[in-house]
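Architecture and fold: a report
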There are 2 protein chains.
Amino acid sequence: MPMPTSHDHAANDPNRPREVLGSLHLDAGSGPGNGHQGTQEITIARARRSDLEEIVALLTDDVLGKDRESDAADARYLEAFTAIDGDPNQVLLVALADERAIAATAQITFIPGLSRGGALRGQIEAVRVAASHRGQGLGRAFFEWMIDYCTQRGAAMVQLTTDKRRQDAIRFYERLGFVASHEGMKLALPH
Amino acid sequence: MPMPTSHDHAANDPNRPREVLGSLHLDAGSGPGNGHQGTQEITIARARRSDLEEIVALLTDDVLGKDRESDAADARYLEAFTAIDGDPNQVLLVALADERAIAATAQITFIPGLSRGGALRGQIEAVRVAASHRGQGLGRAFFEWMIDYCTQRGAAMVQLTTDKRRQDAIRFYERLGFVASHEGMKLALPH
């Protein structure tokens, strides 16, 4: 009788129910070419395996990302997803329009540390808003939600690094209250 | 009959044997006022609870740290230590001279991610070298060891942020091959 494999684990089940973490209410009238009134509801949920291809497509559809991502079918993405999904200090998020299409994604890492009186930090990485959902205030609302989520989980600080070539992103983060007090230094390792 | 509490867990046992992860060999002759020849051996080990007070003292003995750390007896440090120690993606390191005195400390966080082809990153934080052990090449040797350790654990990148006021540190990291390609942005949250 075959033993169940690790692929049977619920964490990797593409059909598991959505774990909804929150929601955003955007003014639908503020979107370009969006004539109708009212608000659009965006659901924030933990990503599941069936979201993986769409998330990788979002990471690739980016001026800096297009040259450094490979085919979404690459096994390394599934391996990384499994590592993120199994780590209680990692949260890979999707922002869903109509509870279906992925309008945005981001990853939060919670880092316990001794510095600053034993402060927990929330670190935000790999933020992308789908081209179809830009200019509607989603990026700002999503970030405000993530900052609030980090606060709820007990973080004393939210941190991120952003490529110095992304001047618009730096101004966006400064408007949210972030201060560019640090150099973000990277060292690529040989494969 | 009382149930065992979480404080009985081996991870918090100050008397558990040292988990040695590696060693450094420094040219003892290069230290100021150090007349004798030969090499000094430094042991790299995972920090244990009995190291906590000394590590916090190192974090405090710093031009930027002195105003933001509190009494090492503060319960928040023990809480943070327990969180770090129980997380397989966290490694709190001590570099030991004579297998006893803490000559340096650092924390590495391993962050799985989807970006850059599902790359694992090693993030280094809270690096301090004891005043008594500066100017002997320990900082550089410790960093080279940590970069090698991240490579062994499969990381494709090592990253850190450093306060822009630490100009000497920035040059030190650049000599190790780090590139200041990113802005390190921080947002303090209300307590």
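Residues numbered from 1 in each chain as written. Chains lettered and ligands numbered in written order. Predicted model: local features only at pLDDT ≥ 70, side-chain atom pairs only at ≥ 80, totals over all residues. Heavy atoms only, no water.

1. Considering the overall build of chain A
The secondary structure content of chain A amounts to five helices and seven strands. Beginning at the N terminus, the succession of helices and strands in chain A can be written as β-β-α-α-β-β-α-β-α-β-α-β. When the 191 residues of chain A are sorted by exposure, 51% land in the buried category. Contacts in chain A between residues far apart in sequence, at least 24 positions, make up 59% of those at least 6 positions apart. Carbon and sulfur atoms make up 52% of the accessible area of chain A, which totals about 9,300 Å². (Helix = DSSP H or I, 4+ residues; strand = E, 2+ residues; numbered from the N terminus. Buried < 20%, exposed > 50% of the residue type's maximum accessible area, 1.4 Å probe, protein only. Contact = heavy atoms within 4.5 Å. Areas by Shrake-Rupley, 256 points an atom, 1.4 Å probe, with all protein chains shown as cover.)

2. Examining the packing of aromatic side chains
Per the counting criterion, the structure on display carries 14 aromatic pairs over all chains. Connected via pairs of aromatic rings, a cluster forms that spans Phe143(A), Phe172(A), Tyr173(A) and Phe178(A). (Phe/Tyr/Trp six-rings, centres within 6.5 Å; stacked < 30°, edge-to-face > 60°.)

3. A few points about the interface of chain B and chain A
Tallying the contact residues gives 61 residues for chain B and 61 residues for chain A. By the criterion of area lost to chain A, the three top residues of chain B are Leu114(B), Met185(B) and Lys186(B), representing 17% of everything that side buries. Residue Arg121(B) pairs with Glu125(A) through a salt bridge whose shortest N-O separation is 3.5 Å. Taken together, chain B and chain A are joined by 24 residue pairs in polar contact (both at pLDDT 80 or more). Among the elements that line the side of chain B that touches chain A, the one with the most residues is strand β7 (residues 179-188) of chain B, at 10 residues. Of the residues assigned to the side of chain B that touches chain A, the class counts are 31 nonpolar, 18 polar and 12 charged. The pairing of strand β7 (residues 179-188) of chain A with strand β6 (residues 157-163) of chain B spans seven bridges and is classified as antiparallel. By the bridge assignment for β6(B), Met185(A) is matched with Leu160(B). (Buried area = accessible area lost by both parts, 1.4 Å probe. Salt bridge = Lys/Arg side-chain N within 4 Å of Asp/Glu carboxyl O. Polar contact = N/O pair within 3.5 Å; in protein donor to acceptor, adjacent residues only side chain to side chain. Nonpolar A, V, L, I, M, F, W, Y, C, P; charged D, E, K, R; others polar. Pairing = 2+ DSSP bridges.)

4. So, the relation of the copies chain B and chain A
By a simple turn and slide, chain B fits onto chain A: the slide is 0.0 Å along the axis, the RMSD is 0.0 Å, and the turn is 180°. Such a turn and shift between the copies fits a two-fold axis. Proximity to the rotation axis, assessed at the C-alpha, singles out Gly184(B) in chain B; its C-alpha lies 2.3 Å from the axis. Most of the interface of chain B is mirrored in chain A: 100% of its interface residues are interface residues there too. (Least-squares fit on C-alpha atoms with pLDDT ≥ 70 in both.)

5. Here's the deal with the pattern of salt bridges
Under the defined criterion, the tally for this structure stands at 16 salt bridges over all chains. Taking the shortest distance from any N to any O, the salt bridge between Asp163(A) and Arg165(A) comes out at 3.0 Å. In this structure Asp163(A) comes out as buried when scored by relative accessible area, which is 6%. Judged by its relative accessible area of 62%, Arg165(A) is exposed. Taking the shortest distance from any N to any O, the salt bridge between Glu19(B) and Arg46(B) comes out at 2.7 Å. Of the two residues, Glu19(B) is situated in the segment before β1 (20-27) and Arg46(B) in strand β2 (residues 39-46); the sequence distance between them amounts to 27 residues.

6. Topic: the confidence of the model for chain A
All names here are of chain A. Averaged over all residues, the pLDDT of chain A equals 87, while 81% of them reach at least 70. Looking across chain A, the model is least confident in helix α3 (residues 115-118), with a mean pLDDT of 90, and most confident in β7, with 98. pLDDT under 50 marks residues 1-10. Its contacts with residues more than four places away, or in other chains, come to three contacts. Across the assembled chains, the prediction reports ipTM 0.86 with pTM 0.87. (pLDDT = per-residue confidence, 0-100.)

7. So, the side chain of Thr43(A)
All names here are of chain A. Inspection of the secondary structure assignment puts Thr43 in strand β2 (residues 39-46). Taking relative accessible area as the criterion, Thr43 reaches 8% and is therefore assigned buried. Thr43 has contacts with Val20, Gly22, Ser23, Val94, Ala95, Leu96 and Glu99, leaving out every residue within four places of it along the chain.

8. Looking at the environment of Asp163(A)
Residue and element names in this part refer to chain A. Looking at the secondary structure, you find Asp163 in strand β6 (residues 157-163). A C-alpha to C-alpha distance of 25 Å links Asp163 and Asp74, two positions 89 residues apart in sequence. Within the local environment of Asp163, its side chain forms a polar contact with the backbone nitrogen of Arg165, the two atoms lying 2.9 Å apart.

9. Quick word on helix α4 (residues 138-152) of chain A
All names here are of chain A. Between its terminal C-alpha atoms α4 stretches 21 Å, which fits the 21 Å expected from 15 residues at 1.5 Å a residue. What α4 keeps buried is the set Leu138, Ala141, Phe142, Phe143, Trp145, Met146, Ile147, Tyr149 and Cys150. Gly154, located one to two residues past α4, shows a positive phi value of around 95°. (Expected span 1.5 Å × (residues − 1).)

10. With respect to unusual backbone geometry
Residue and element names in this part refer to chain A. Not every positive phi belongs to a glycine, and Arg116 is a case in point at roughly 55°. On the secondary structure map, Arg116 appears in helix α3. Judged by relative accessible area, which is 29%, Arg116 ranks as partly exposed.

11. Some details on the packing of helix α4 (residues 138-152) of chain B against helix α5 (residues 167-175) of chain B
All names here are of chain B. For the pair α4 and α5, interaxial distance at closest approach is 11 Å and the crossing angle is 50°. Of the possible angle classes, the one that applies to α4 and α5 is oblique. For the pair α4 and α5, the sense of crossing is right-handed. Residues Gly139, Arg140 and Phe143 of α4 form the contact with α5, whose participating residues are Phe172, Tyr173 and Arg175. When the residues that make up the contact of α4 with α5 are grouped by side-chain class, the tally is three nonpolar, one polar and two charged. (Axes fitted to C-alpha atoms, helices over the stretch in contact; angles between N-to-C directions. Parallel < 35°, antiparallel > 145°, perpendicular 65-115°, else oblique. Left-handed = near helix turned anticlockwise from the far one by under 90°.)

12. What about the environment of Phe143(A)?
Residues and elements named next belong to chain A. For Phe143, the position within the fold is in helix α4. The buried category is assigned to Phe143, whose relative accessible area is 1%. Residues Phe143 and Ala106, spaced 37 residues apart in sequence, show a C-alpha to C-alpha distance of 9.3 Å. Apart from the residues lying within four places of it in its own chain, the contact partners of Phe143 are Ile124, Val127, Leu160, Phe172, Tyr173, Leu176 and Phe178.

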